[in-house]
Amino acid sequence: MAGAKHSQAMFFQARAGEKIRNKVLQKALQKAKPLFVGKRAKAMAALPEDGFEFEALRSACVDIRNRVLGDLDVWLELFEEKAKATGAEVLWARDGDEICELVIDVARRHGVTKATKSKSMLSEEAHLNEALAAAGIRPVETDLGEYIIQLAGETPSHIIAPAVHKTIEEVEALFAEEHGRPLETRTSADIPAMTREAREVLRQHFLSAEMGITGANFLIAETGSAALVTNEGNGRMVTTLPRVHVVVTGIEKIVPTLDDFATLMRLLPRSATGQTISNYVSLLTGTKQPGDSDGPEKTVFILVDNGRANLLGSAYQEMLRCIRCGACMNHCPVYFSLGGHAYGWVYPGPMGSVLTPLYTGIENALDLPHASTGCNQCGTVCPVRIPLPGLMHRLREEQVERGLRPLGESFALKAWAWLAGKPRLYRWVVRRASRYLNWLADDSGRIRILGMAPGWTAGRDLSVPAGKTFHEQYAARKRA
Amino acid sequence: MRLALYVTCLVDLIRPSVGMASLRLLEAAGCEVIVPESQTCCGQPAWSAGNRPLAAELAKKAISELEGYDYVVIPSGSCTDQVRNVYPQLLADDPLWAPRAQQLAARTFELTTFLVDILKVELPPADFAGSVTYHDSCKGLRGLGIKRQPRELLLKVRGLSLDEMADCEECCGFGGAFSVKFGDISTQIVDRKCESIAKVGAAAVVGGDLGCLINIEGRLRRRGDETTRVLHIAEVLAGEES
């Protein structure tokens, strides 16, 4: 698997502790969560006013996505045909390495030395920036969040808010260092001023780059277009100013018609940022035609598998419905305790806990499907009704089936199930356990260290009642 | 009406008073309550660990013990979710067990849902001096739609005032084995719950799932909160002497 060599997902547990102790990160996360949750709730609550109802819209979106996945090859062929008719080139990539090869090849053919980029998670899957730099082509991220983390030499920690893990103070320090302007030229925490500063730097890049690289929120089969949703307008700069535009996107991102796209757009921005519609929605179709004032001379679509085709027809096919809104992570108590980097690969939160094992190998991300309390807030908010806890559960089953769980865990479960199958013995053991817990408790009736679950009592006291088990009390009551 | 009370393993071991309170509530409502003697565990730990064969074994055992009653009542949203939503799915491919699982699922109810939606009887009024705040447990809330029922019941308790905390639907971080495997993440999550509880300043936090309650109480005490009581709703409804 292409991603496995880069995936750090096996270190989830170790990372988690480190992230919890990071006070700066915790401050950034605590600030962000209520914003995401509150804005989405407000946008969803306003839906009926606009004549639509959330559940009905959700059903429509699920139907669109399922229709595509049911005949993915047909829709991809149609897309290829339509895109070619508009003058675009359509290429196919099996994995991340092939993405890099194809993009570098296009760049070389067109004498590209600098490429501006609008956010693309697939280029993160492929580690495209590293490959471009190694080939002598300078990649410049232009989404403000992506720009920040590129300066910091980091990876995105969220799929729609890549720098959500950073505080304003951290970004101020970074800008002061990288932009070579002393901090005093701005007042502290002046976000518009900081944005203006980044914009001034980026403007030079927009004008001088020969190639623009973007992802696509959707590909529209009937028109051969790429749909791009942004809030900063950088997507337009990247797709219209350079001579060459390369779209790198997953094969599952296709939708049949413009109408379908319009339907999905009713839920995508509302789910993601709580907006009725995002600031910029671009539909990019073909190359610059005679008489057009702008647009690229060359458009290349790179349609990527990188593990997606394997999910078709599998128990995990529903995951391919994902429209990358980030609502699952925005509502996840685990995500907002750690931030995205703890998850060890491109996709964090509940959707990442499903995608990372599937794309990088189940054996390379053993903790992730268990990194969930099962609260199902993610499933409740997912606009395309992906049963995220159910898919994580299926991955847990697969780990058991393939013998990938620790022996201690398997043994404990088997012992427990065996005991639970023998009621008389079970009662006896529970009675003994009850006495044992009482014996462990201190004078105030609390257990402060429980050898069987040290991780639990590291943060909590277990209160112990001085009484007998329920079944003892019940038996005594019946006798009385 | 003859019903089986299914007492969860946590209630049996850690807080038997929840089982006794449930028993008294149901009897006071005029039900003939039987606690099947061979009951042990609903199999949820095996299921959430991904061990389907073990979970199926325990599901079959529970079905054999619990079928044949008019209703099965469980003072826990998560164990009820296991019987109602997981058993039919777990045994769906077994022609012998699938219908039995479905029949049991249809007759199994969480305690507050049963009292409010099925029995619809007036319970003898209980007393509670002070304000409480209610924590909505995830499995009950999102798996079974338990939200209104416990609140309706609490509001009938004399002397009790209900003060909702912020994010009452937010997970407390228990998640069964999750809180043991990822103790530090769970602590981080339950800390936020403790802060919401502290902010609302209620005398007690009340819930319908002992797992969440043990988790919340454990963290409150470790943080030094010695006064906020943590109670199962059955204990509140049946009076404090249960």
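Residues numbered from 1 in each chain as written. Chains lettered and ligands numbered in written order. Predicted model: local features only at pLDDT ≥ 70, side-chain atom pairs only at ≥ 80, totals over all residues. Heavy atoms only, no water.

Right, let's talk about the overall build of chain A for a bit. Scanning chain A from terminus to terminus reveals 22 helices and twelve strands. For the C-alpha atoms alone, the extent of chain A along its principal axes is close to 95 × 60 × 50 Å. Burial analysis of chain A (480 residues in total) assigns 56% to the buried set. Residue pairs in contact within chain A that sit at least 24 positions apart in sequence constitute 74% of those at least 6 positions apart. Summed over all atoms, the accessible surface of chain A reaches about 20000 Å², with 55% contributed by carbon and sulfur. The distance from the centre of the 58 positive side-chain charges to the centre of the 54 negative ones in chain A is 10 Å. (Helix = DSSP H or I, 4+ residues; strand = E, 2+ residues; numbered from the N terminus. Buried < 20%, exposed > 50% of the residue type's maximum accessible area, 1.4 Å probe, protein only. Contact = heavy atoms within 4.5 Å. Areas by Shrake-Rupley, 256 points an atom, 1.4 Å probe, with all protein chains shown as cover. Lys, Arg positive; Asp, Glu negative; His and termini not counted. Charge placed at Lys NZ, Arg CZ, Asp CG, Glu CD.)

On to the overall build of chain B, then. The helix and strand tally for chain B stands at 13 helices and eight strands. Taking 2.2 N^0.38 as the reference for a compact globule, 242 residues should give roughly 18 Å; the C-alpha atoms of chain B span a radius of gyration of 17 Å, in line with that estimate. In terms of principal-axis extent, the alpha carbons of chain B reach across some 50 × 45 × 25 Å. A burial count over chain B gives 64% of its 242 residues as buried. (Rg over C-alpha atoms; globule rule 2.2 N^0.38 Å.)

What follows concerns the pattern of salt bridges. In total, this model carries 49 salt bridges over all chains according to the counting rule given. Between Arg385 of chain A and Glu55 of chain A there is a salt bridge, with its nearest N and O atoms 2.8 Å apart. Separated by 330 residues along the polypeptide, Arg385 of chain A in the loop between helix H17 (377-381) and helix H18 (388-401) and Glu55 of chain A in helix H3 (residues 54-70) bring together distant segments of the chain. On the basis of relative accessibility, which here comes to 33%, the residue Glu55 of chain A falls in the partly exposed class. The salt bridge involving Arg67 of chain A is made with Asp260 of chain A; its shortest N-O contact spans 3.6 Å. Placement of the pair is Arg67 of chain A in helix H3 and Asp260 of chain A in helix H12 (residues 258-272), with a sequence separation of 193 residues. Asp260 of chain A gets classed as buried once you look at its relative accessible area, which sits at 10%. One network of salt bridges, in which partners are shared, links Arg15, Glu217, Arg221, Asp225 and Glu235 of chain B. (Salt bridge = Lys/Arg side-chain N within 4 Å of Asp/Glu carboxyl O.)

A word on the packing of aromatic side chains. Under the definition given, this model contains 17 aromatic pairs over all chains. Geometrically, the ring pair formed by Phe12 of chain A and Phe182 of chain B is edge-to-face, given 5.7 Å between the ring centres and 85° between the ring planes. Of this pair, Phe12 of chain A sits in helix H1 (residues 12-21) while Phe182 of chain B sits in the loop between helix H10 (177-181) and helix H11 (183-200), on two different chains. Both residues of the pair, Phe12 of chain A and Phe182 of chain B, count as buried. Consider the rings of Phe36 of chain A and Phe336 of chain A, whose centres lie 6.4 Å apart with planes at 55°: the pair is tilted. Of this pair, Phe36 of chain A sits in helix H2 (residues 23-45) while Phe336 of chain A sits in helix H15 (residues 335-338), placing them 300 residues apart in sequence. Exposure remark for Phe36 of chain A: the relative accessible area of 13% places this residue in the buried category. Cluster of aromatic residues (ring-pair linked, three or more members): Phe12, Phe36, Tyr335, Phe336 and Tyr343 of chain A together with Phe178 and Phe182 of chain B. The ring centre of Phe109 of chain B lies 5.0 Å from the NZ or CZ of Arg84 of chain B, which sits over that ring. (Phe/Tyr/Trp six-rings, centres within 6.5 Å; stacked < 30°, edge-to-face > 60°. Lys NZ or Arg CZ within 6 Å of the ring centre and 35° of its normal.)

This part covers H3 of chain A. Residues and elements named next belong to chain A. Over its 17 residues, H3 runs 24 Å from end to end, which matches the ideal 24 Å to within 8%, given 1.5 Å per residue. Within the span of H3, buried status applies to Phe54, Leu57, Arg58, Cys61, Val62, Ile64, Arg65, Val68 and Leu69. Projection of H3 onto a plane perpendicular to its axis shows the buried side chains occupying an angular sector of 160°, all on one side. Opposite the buried face of H3, by more than 90 degrees, sit the exposed residues Asp63 and Gly70. Where H3 is buried, its residues contact H2, helix H4 (72-85), strand S8 (254-255), H12 and H17. (Expected span 1.5 Å × (residues − 1). Arc of directions from axis to C-beta.)

On the chain B side, the residues contacting the 63 residues of chain A number 63 residues. Ranking the residues of chain A by area buried against chain B places Trp456, Arg460 and Phe470 of chain A at the top, with a combined share of 13%. Counting every contact that joins chain A to chain B gives seven salt bridges. A salt bridge links Glu409 of chain A to Lys181 of chain B; its shortest N-O distance comes to 3.8 Å. (Buried area = accessible area lost by both parts, 1.4 Å probe.)

The strand order S8-S5-S6-S9 (chain A) describes an open sheet built from four strands, whose pairing is mixed. Unpaired on one side and paired on the other, S8 and strand S9 (280-284) of chain A mark the two borders of the sheet. (Pairing = 2+ DSSP bridges.)

As a further point, take the packing of helix H19 (residues 407-420) of chain A against helix H20 (residues 423-440) of chain A. When two helices pack together, their arrangement is given by the angle between the helix axes and the distance between those axes. Residue and element names in this part refer to chain A. It is at 7 Å that the axes of H19 and H20 come closest, and there the two elements cross at 115°. Between H19 and H20, the interaxial angle falls into the category roughly perpendicular. Contact residues: H19 offers Trp416, Trp418, Leu419 and Ala420, while H20 offers Pro423, Leu425, Tyr426 and Val429. Each residue belonging to the contact of H19 with H20 can be placed in one class, and the counts come to eight nonpolar, no polar and no charged. (Axes fitted to C-alpha atoms, helices over the stretch in contact; angles between N-to-C directions. Parallel < 35°, antiparallel > 145°, perpendicular 65-115°, else oblique. Nonpolar A, V, L, I, M, F, W, Y, C, P; charged D, E, K, R; others polar.)

The next subject is a nonpolar patch on the surface. Residues and elements named next belong to chain A. Together, Leu207, Met237 and Leu241 give the surface a local cluster of nonpolar side chains, amounting to about 300 Å² of exposed area. By secondary structure assignment, the location of Met237 is in helix H11 (residues 234-240). On the basis of relative accessibility, which here comes to 37%, the residue Met237 falls in the partly exposed class. (Patch = residues over 30% accessible without salt bridge, like charges linked within 9 Å, V, L, I, M, F, W, Y side chains within 5 Å.)

Side chains of Asp71, Asp73, Glu77 and Glu81 of chain A sit close together on the surface and give a patch of like negative charge. Within the secondary structure, Asp71 of chain A is located in the loop between H3 and H4.

Generally speaking, soluble globular proteins have nonpolar side chains that are buried together. Formed by 73 residues in total, the largest nonpolar core has its most connected members in Phe12, Met319, Val334, Met351 and Leu388 of chain A together with Ile185 of chain B. Those residues in contact with Val334 of chain A that lie beyond four places of it in its chain are Phe12, Tyr343, Ala371, Ser372 and Thr373 of chain A together with Phe178, Ile185 and Ile189 of chain B. (Core = buried A, V, L, I, M, F, W, Y, C linked by side-chain atoms within 4.5 Å.)

Residues and elements named next belong to chain B. In this model helix H5 (residues 77-90) runs 18 Å from its N-terminal to its C-terminal C-alpha over 14 residues, within 8% of the 20 Å that 1.5 Å per residue would give. At Val83, H5 shows its largest kink, close to 30°. Burial within H5 is extensive, with eleven of its 14 residues counted as buried. On its buried face, H5 is in contact with helix H3 (44-48), helix H4 (52-66), strand S3 (71-74), helix H6 (98-107), strand S4 (108-110) and helix H8 (138-144). (Bend = angle between axes of the 7 residues up to and from the residue.)

Time to look at the side chain of Asp136 of chain B. Residue and element names in this part refer to chain B. Tracing the backbone shows Asp136 in the loop between strand S5 (127-134) and H8. Overall, the relative accessible area of 1% leaves Asp136 in the buried class. Among residues more than four places away in sequence, those in contact with Asp136 are Leu141, Ile146, Lys147, Arg151, Cys168 and Glu169.

This part is about the pairing of strand S4 (residues 211-214) of chain A. Residue and element names in this part refer to chain A. Residues of S4 alternate between two faces, with Met211 and Ile213 on one and Gly212 and Thr214 on the opposite face, all of them buried. Relative to strand S7 (residues 244-250), S4 is paired through four bridges, and the arrangement is parallel. What sits directly across from Gly212, in S7, is His245.

Residue and element names in this part refer to chain A. Taking strand neighbours across the sheet as the criterion, the six strands line up as S1-S10-S7-S4-S2-S3 in an open arrangement whose pairing is parallel. With one partner strand each, in any of the chains shown, strand S1 (89-93) and strand S3 (138-141) form the two edges of the open sheet. Ignoring strand direction, the axes of neighbouring strands in this sheet form an average angle of 25°. Bridge count for strand S2 (residues 114-117) against S3 is four bridges, and the pairing is parallel.

Of all residues in chain B, 99% attain a pLDDT of 70 or more, and the chain-wide mean is 96. Confidence estimates for the predicted assembly give a pTM of 0.96 and an ipTM of 0.96. (pLDDT = per-residue confidence, 0-100.)

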